[in-house]
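# Structural features, examined
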Amino acid sequence: MIEVFIANESFLVREGLKVLLNGEKDIKIVGEASNSEELKEKVIACQPDVLIIDHSGEKFNLKSIGFTGSMLPKTQLLGITHLQPKHKMIRAIEAGVKSHVLTICSANEIKESVYATAKGEKFFCGTIVESM
């Protein structure tokens, strides 16, 4: 069972990811946070396999990623954002984001990214690969 924690300031994105991933028999949503303070409070208790995080908004940033990486070394980070400039994507990867998808990616790409990330593999959706 892959345990997933969702960190996104958008209620709609969090709910959409939950609906999408709850349909998978081997994925379990173990928590969610709408800001970095909630993330710090909740994610340590969960120790998820994968943290899906939007590091591009006001509520989460690269410091959130750094905190998570230091406190949860076994948790793999999956970024989900709108399309970012190349330098911001590179900074996120350097900060510890293993995989990255966009909010406009297909349902299959998002599911595939969770499975790949949980295995420690890197995954980037087609749109990101084209832009890089």
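Before reading on, note that the structure itself is shown above.
To keep things clear, this report deals only with the structure shown in the data block.

Here is what the cut-offs are and how they apply
Residues numbered from 1 in each chain as written. Predicted model: local features only at pLDDT ≥ 70, side-chain atom pairs only at ≥ 80, totals over all residues. Heavy atoms only, no water. Core = buried A, V, L, I, M, F, W, Y, C linked by side-chain atoms within 4.5 Å. Buried < 20%, exposed > 50% of the residue type's maximum accessible area, 1.4 Å probe, protein only. Helix = DSSP H or I, 4+ residues; strand = E, 2+ residues; numbered from the N terminus. Contact = heavy atoms within 4.5 Å. Pairing = 2+ DSSP bridges.

As a further point, take the nonpolar core. Core analysis: the biggest nonpolar cluster contains 22 residues, and Val4, Leu21, Ile52, Val101, Ile110 and Val114 have the highest contact counts within it. Elements with a contribution of two residues or more to this core: strand E1 (2–7), helix H1 (11–22), strand E2 (27–33), strand E3 (50–53), strand E4 (76–81), strand E5 (97–102) and helix H5 (107–118). In contact with Ile110, not counting residues within four places along its chain, are Leu17, Leu20, Ile80, Val101, Leu102 and Cys105. Listed in part, the 14 residues of the second largest apolar core include Ala7, Val43, Ile53 and Phe60.

Relative to the helices and strands, Lys25 is located in the loop between H1 and E2. In this structure Lys25 comes out as exposed when scored by relative accessible area, which is 80%. It is 8.2 Å that separates the C-alpha atoms of Lys25 and Met1, two residues lying 24 residues apart in sequence.

The next thing to look at is the pairing of E3. The alternating pattern of E3 places Val50 and Ile52 on one face and Leu51 and Ile53 on the opposite face, and all of these are buried. Relative to E3, E1 is paired through 4 bridges, and the arrangement is parallel. Within E3, the residue paired with Ala7 across the bridge is Ile53. The pairing of E3 with E4 spans 4 bridges and is classified as parallel. Bridge pairing links Val50 to Gln76 in E4.

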